[in-house]
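Summary of the model geometry
Here is what each chain is made of, one letter per residue.
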Amino acid sequence: MINPYLPLPVKVQKITIENETKDLKTFDLEFCDKNDAEWFKYTCGQFAELSLLGIGEVPIGIASSPMDNRILQFTVKRYPIGVVSSTLHNLSEGDTIGIRGPFGNGFPMKDFEGSNLAIIGGGFALTTLRSLTKYIIHEKNRSRFGEITIMVAARDPGEMLYKYDLEEWSKREDIKLIRTIDREVDGWTGKVGFAAPVLKEISPSSGNAYAIVCGPPIMIKTCIAVLLELGFKASQIFNSLEMRMKCGIGKCGRCNIGSKYVCKDGPVFSYTQLEKLPQEY
Amino acid sequence: MIEEKIIKKNRLNAMLQELSKEYSIYIPAGENGDFRFCELRDTNDELVFWDYRNTRISPKEILFPHSEILYEFSRDESHQFSISQNNDDQRKMKNVILGIRPCDARAIGFLDRVFIGEPNERFVDPYYLKRRIHTIIISLACNRPQISCFCTSLNGRPDGEEGADIIAFDIGEEILLKTVTEKGKEFIKESSKWLGNVKKSDIDKKNKIFKESAKRINSRVSVEKVKEKLDDSFEADFWNEIHRKCLGCGICTFLCSTCHCFDITDETSADRGKRIKCWDSCMYPLFTLHASGHNPRPNYKERMRQRIMHKFNYCPENFKELFCVGCGRCIRNCPVNLDIREVINQVSQLK
Amino acid sequence: MMKEIETRIKEVVKDLFTQNKIDLFIGYSKGSLPLTSSPCFITKSEDIEKLVWNSFCSNNLAVYLPRIFNPQPRKKEKIELPRIGILAKGCDARSIVVLIKEHQIARDNVFILGIVCQGMGDRKKIRNDIEITGAEEKNGRITIVDENKKEIELKREELLSDCCIECQHATPPIHDILIESGNQRPAAPKGGGRDFEKKSIEDRWNLFQEEISKCIRCYACRQACPNCYCRECFADQTKPRWIGVTDHISDVMFYQIGRIFHQAGRCVDCGACVRACPMGIDLRVFTHKLVRDAKELFDYEAGVFLEEGLLLATFKPEDKQEFISEP
Ligand code: SF4
Ligand code: SF4
Ligand code: SF4
Ligand code: SF4
Ligand code: FES
């Protein structure tokens, strides 16, 4: 019998501090048992419960790409009242933790194929968008997708996630990468301004395209308004939501928005779906 | 083919004592009208629950206990964890629930849909399944409904069969057992040496007592429009008023036979610990509190709305069933008399 | 008598609304089951007719005040505090006093309509196997009707809650208007509920364990208690987690001991926790011990004098110390 409550053991291979505030760390995890890796086949946009025995669990979007061999990556923000996230931040390389999943629906990759993609991420919500981007630009997949525009917004340069990836992406011809920060900083070469106005400035075309927006609620709201203005239809806009979660399998009853469970029916929703759901997230 | 058998009340205990070698047998136990499901003890006392009305806590606690250990773990000197799933006593996994009321039997059918209703095994709760799969439900038709019982408004009946494997009718000196499912038939076959054949007079007696039993329930609400009304009422003003006297105590959800929200937490001492699944309630503020401090349901209003919506809108959407069986527990036990029938009535009248 | 008080309540509330003195009145309306009343929030004068007064207006209404004055989650902007009228029996008013002293209530925004209480009934005093289908109260007698239409006549006194039987403060110690109730009930003889104290320590412990073993950790006792207004109860804290979450006796005990002891010098013996408990646990046996200790050791009764300091926040050189070593 499958036991979805049982975590699989993984080893922490590497810990990367992502930002200057040092409250964001990326964990590279490897399954202790190779067979578990087989079981844990995931798609872009899914999440997992990181499980610390004796402490608890925390749901985190998968930041690595399904194309990455064996290594799973998660970027975790430490919150003062979050017991699990604080404990995770105190881990060392070589420690063993547990993982449950993968959970959730993930991005509709089949639909995305053959289309142009505008990937818009703000602050700490870049995690699953990174998974998505890495997957798409993989040499085996790139030809199946159209033009790619990536916009990353952060408060200041020090808070920008995955600088190493952004550096690499910026060198590629087949990606249009825009980085923006809230306020002018010496030596900054990217754009300055909030996500929505910058998005308007770069105006990705809505023809044969999908837009995927992740970020703080206010950014999502303003960016969606811009996208609609640019001619995107609600069905062309996707969103990944965050909720308090425990079980991950639609049982414990705390992650619902209306009749939809974010852990099972989400976390990815099209704006068409979101419009029908109550504003309770 | 439905089968009907009969057993003398005073023989029943002997039969159960024998069955208890193989099954855990749960019966309503208590005094002064205050009952709770308990495992049958090894005694020759006659069973006394024939007249009981209903238990305070719903019998869901047998299949979905207040707290259960998911697994235990320990840590060795090198800080490596190992997990052990407890190897349950197999006998404990075979249950007979005897004397459950028809409304609660129906509710177990609802819980089945939530916990084990998915075809995809990844979405099945193995703990519930392990108990449920070997559980025989013998319900006991009601001859004395309470004034807070309103099962007949919610597609139930005091002699309703849904959810039961066998339904029992108290016809005086004897109990008439009627099979509902294959599982029930199998069980009757196994216990045949204790059971007698029904006579026409027994059936007549049963019909006389129970045919009209539904009519004895005077409390009625109209639920026909509830789901539909709630579809467009998320922002209705009504929610600003209805929650006002609620204390957020969660009694209505803990005692409810269909409520099924739970929490998962860890308990540790030194180098060992356990992960525990335990009841939780949408009426509690911490239920949806994010680690960031944000809470999508910060107040009594949103939490009351969630409870009502979940039962009367979201579940009908997901499971095609209103998640209330009209057992009336929340009505009898709410400390501020916030009556769910009143809420249903108000919803029905929403514009 | 009850009817006259009810009429008087309605008059007062009507005046309060017409003179625009309050935005909200908290009183009682008819309950949906026999022998119940239900807390009721009146915001417009048309609804005043819903108000009732009878022998089952037992909820302690003070429980609603802290959450109105300190709404959660905390708002950034300063909120306009509503003006609230509230019906208060002796115990409700004592709770209000405690809450004022603990700075949970803006006194100026509360209009207290005090009632000299005759004691409230408890439907749990009637055996659970009697199905009460109707009830009527007249001239100090309560007639209940069972499912077979049989009438059972009871004296009001037979149904009184334990806390009401022993109540020493039927008159609200604080009020803006007081409704007398005529034939004053003589204060109960002091010294009730000593059975618990007479027991040996071991027996007390056993009784405690036995009672609370029924607990399902719903926290209704906490939610019904006006004193339990903590923004974050110790029982809910996760960092650190003080107590386990299961219904195992060892976890339950920690919760119960924690909550009960937080009532030391604060409990007004209103019985709200006992009435709320769905498992019929008599929590009052234990809270009442604290009430008596406060009285006997420090001559202190919670919520009686507004001017007096809080028991646990005042130190007097002559304070007794025995309790530290002698339970
Ligand atoms: S039992 Fe009553 S007071 Fe308690 S949470 Fe439910 S509705 Fe609110
Ligand atoms: S909502 Fe109330 S009446 Fe309905 S099933 Fe639950 S406890 Fe019973
Ligand atoms: S609600 Fe109906 S089925 Fe349930 S106990 Fe009452 S009469 Fe029986
Ligand atoms: S109300 Fe009763 S059952 Fe609920 S937590 Fe308090 S003592 Fe336990
Ligand atoms: S996390 Fe439990 S239902 Fe979604």
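Note that the coordinates shown come from a computational prediction; the quantities given were computed from them, not determined experimentally. (Residues numbered from 1 in each chain as written. Chains lettered and ligands numbered in written order. Predicted model: local features only at pLDDT ≥ 70, side-chain atom pairs only at ≥ 80, totals over all residues. Heavy atoms only, no water.)

1. Notes on the overall build of chain B
Within chain B, the secondary structure is distributed over 13 helices and 12 strands. Over its C-alpha trace chain B gives a radius of gyration of 22 Å, about what one expects of a compact globule, namely 20 Å for 351 residues. In terms of its C-alpha atoms, chain B occupies a principal-axis envelope of roughly 65 × 65 × 40 Å. The proportion of buried residues among the 351 residues of chain B is 61%. (Helix = DSSP H or I, 4+ residues; strand = E, 2+ residues; numbered from the N terminus. Rg over C-alpha atoms; globule rule 2.2 N^0.38 Å. Buried < 20%, exposed > 50% of the residue type's maximum accessible area, 1.4 Å probe, protein only.)

2. Notes on the site of ligand 1
Close contacts around ligand 1 come from 13 residues, with C246, C249, G250, C252 and C334 of chain B the closest. By residue class, the composition of the shell around ligand 1 is 11 nonpolar, two polar and no charged. (Near = heavy atom within 4 Å. Nonpolar A, V, L, I, M, F, W, Y, C, P; charged D, E, K, R; others polar.)

3. Section: the site of ligand 4
Residue and element names in this part refer to chain C. Neighbouring ligand 4 are 14 residues, the closest being C215, C218, Y219, C221 and C277. Contributions of two or more residues to the shell around ligand 4 are made by α8 (220–224) and α9 (249–261). Along the lines of polarity and charge, the residues of the shell around ligand 4 split into 12 nonpolar, one polar and one charged.

4. Focus: the pairing of strand β1 (residues 24–30) of chain C
All names here are of chain C. Extensive coverage of β1 is indicated by the burial of six of its seven residues. Of the strand pairs in this sheet, β1 and strand β2 (residues 37–42) are connected by six bridges, and their pairing is antiparallel. Directly across from G27, in β2, lies its bridge partner C40. With antiparallel pairing between neighbouring strands as the criterion, β1 and β2 make up a hairpin whose turn holds six residues, including L35 at a positive phi of roughly 60 degrees. (Pairing = 2+ DSSP bridges.)

5. A closer look at the sheet that holds strand β11 (residues 262–269) of chain B
Residues and elements named next belong to chain B. Spatial strand order, β5-β4-β12-β11: four strands in an open sheet with antiparallel pairing. Because the sheet does not close on itself, it has two edges, and the strands there are β5 (81–84) and β11. Between one strand and the next, the sheet's axes are offset by a mean angle of 25 degrees, whatever the strand orientation. Along the sheet face, helix α5 (residues 126–133) touches β4 (67–75) and β12 (272–279) and points at about 125 degrees away from the line of β4. (Axes fitted to C-alpha atoms, helices over the stretch in contact; angles between N-to-C directions. Contact = heavy atoms within 4.5 Å.)

6. What about the pattern of salt bridges?
Applying the stated criterion to the full structure yields 68 salt bridges over all chains. R157 of chain B serves as the salt-bridge partner of D159 of chain B, at 2.7 Å between the closest nitrogen and oxygen. Taking the shortest distance from any N to any O, the salt bridge between K227 of chain B and D231 of chain B comes out at 3.0 Å. Of this pair, K227 of chain B and D231 of chain B both sit in helix α8 (residues 226–231), separated by four residues, roughly a single helical turn. Connected via shared salt-bridge partners are E57 and R100 of chain A together with D266 and R275 of chain B. (Salt bridge = Lys/Arg side-chain N within 4 Å of Asp/Glu carboxyl O.)

7. Structural notes on the interface of chain B and chain A
Each partner contributes residues to the interface: chain B has 48 residues there, and chain A has 41 residues. Of the roughly 3,900 Å² buried between chain B and chain A on both sides combined, carbon and sulfur atoms contribute 56%. If you look at where chain B meets chain A, you find five salt bridges. Two residues, D263 of chain B and K246 of chain A, come together in a salt bridge whose shortest N-O distance is 3.0 Å. The interface formed by chain B and chain A holds 28 residue pairs in polar contact (both at pLDDT 80 or more) in total. Elements supplying a minimum of two residues to the side of chain B that touches chain A: β4, β5, α4 (102–116), α5, β11, β12 and α11 (300–319) of chain B. The dominant element in the side of chain B that touches chain A, judged by the number of residues it contributes, is α11 of chain B, at seven residues. (Buried area = accessible area lost by both parts, 1.4 Å probe. Polar contact = N/O pair within 3.5 Å; in protein donor to acceptor, adjacent residues only side chain to side chain.)

8. Let's talk about the pairing of strand β3 (residues 47–52) of chain A
Residue and element names in this part refer to chain A. Most of β3 is tucked away, with six of its six residues classed as buried. Where burial is concerned, the two faces of β3 agree: the one with F47, E49 and S51 and the one with A48, L50 and L52 are both buried. Where β3 lies against strand β6 (residues 96–103), four bridges are found, and the strand directions are antiparallel. Residue pairing in the sheet places L50 in a bridge with I99 of β6. Pairing of β3 with strand β4 (residues 56–61), which is carried by six bridges, proceeds in the antiparallel orientation. What sits directly across from L52, in β4, is G56.

9. What about the domain arrangement of chain B?
All names here are of chain B. Annotation of chain B at the domain level lists domain 1 (4–65 + 85–215) and domain 2 (226–260 + 282–348). Of note, the centres of domain 1 and domain 2, computed from C-alpha atoms alone, are 28 Å apart. Between domain 1 and domain 2 lies a buried interface of about 2,100 Å² when both sides are counted; carbon and sulfur atoms form 59% of it. Looking at the side of domain 1 facing domain 2, the largest losses of area belong to F110, F150 and L154, adding up to 26% of the total buried there. (Domains from an automatic or database assignment.)

10. Points about the packing of α4 of chain B against α5 of chain B
All names here are of chain B. With their axes 9 Å apart at the nearest point, α4 and α5 run at an angle of 135 degrees to one another. Compared by their axis directions, α4 and α5 come out oblique. In this structure, α4 crosses over α5, and the sense of that crossing is left-handed. Contacts from I108, L111, D112, F115 and I116 of α4 reach α5 at Y128, L129 and R132. Here the contact of α4 with α5 is built from residues that sort into six nonpolar, no polar and two charged. (Parallel < 35°, antiparallel > 145°, perpendicular 65-115°, else oblique. Left-handed = near helix turned anticlockwise from the far one by under 90°.)

11. Examining the nonpolar core
By size, the foremost hydrophobic cluster in this structure holds 202 residues, and its most contacted members are I9, I26 and W53 of chain C. The element contributing the most residues to this core is α4 of chain B, with eight residues. With 34 residues, the next largest nonpolar core counts F112, L126, Y135 and I148 of chain A among its residues. (Core = buried A, V, L, I, M, F, W, Y, C linked by side-chain atoms within 4.5 Å.)

12. Considering a nonpolar patch on the surface
Residues W205, I257 and F261 of chain C make up a contiguous nonpolar surface patch of about 290 Å² in total accessible area. Looking at the element boundaries, F261 of chain C is found in helix α9. (Patch = residues over 30% accessible without salt bridge, like charges linked within 9 Å, V, L, I, M, F, W, Y side chains within 5 Å. Areas by Shrake-Rupley, 256 points an atom, 1.4 Å probe, with all protein chains shown as cover.)

13. Considerations on the interface of chain B and chain C
Every contact between the two is made by 42 residues of chain B and, on the other side, 44 residues of chain C. Interface of chain B and chain C: buried area, both sides summed, is about 3,500 Å²; carbon and sulfur atoms make up 53% of it. It is I147, R244 and L247 of chain B in chain B that bury the most area against chain C; as a group they hold 17% of the surface buried on that side. The interface formed by chain B and chain C contains two salt bridges. For E147 of chain C, the salt bridge is made with R144 of chain B, and the minimal N-O distance between the two is 3.3 Å. Run the count over chain B and chain C and you get 15 residue pairs in polar contact (both at pLDDT 80 or more).

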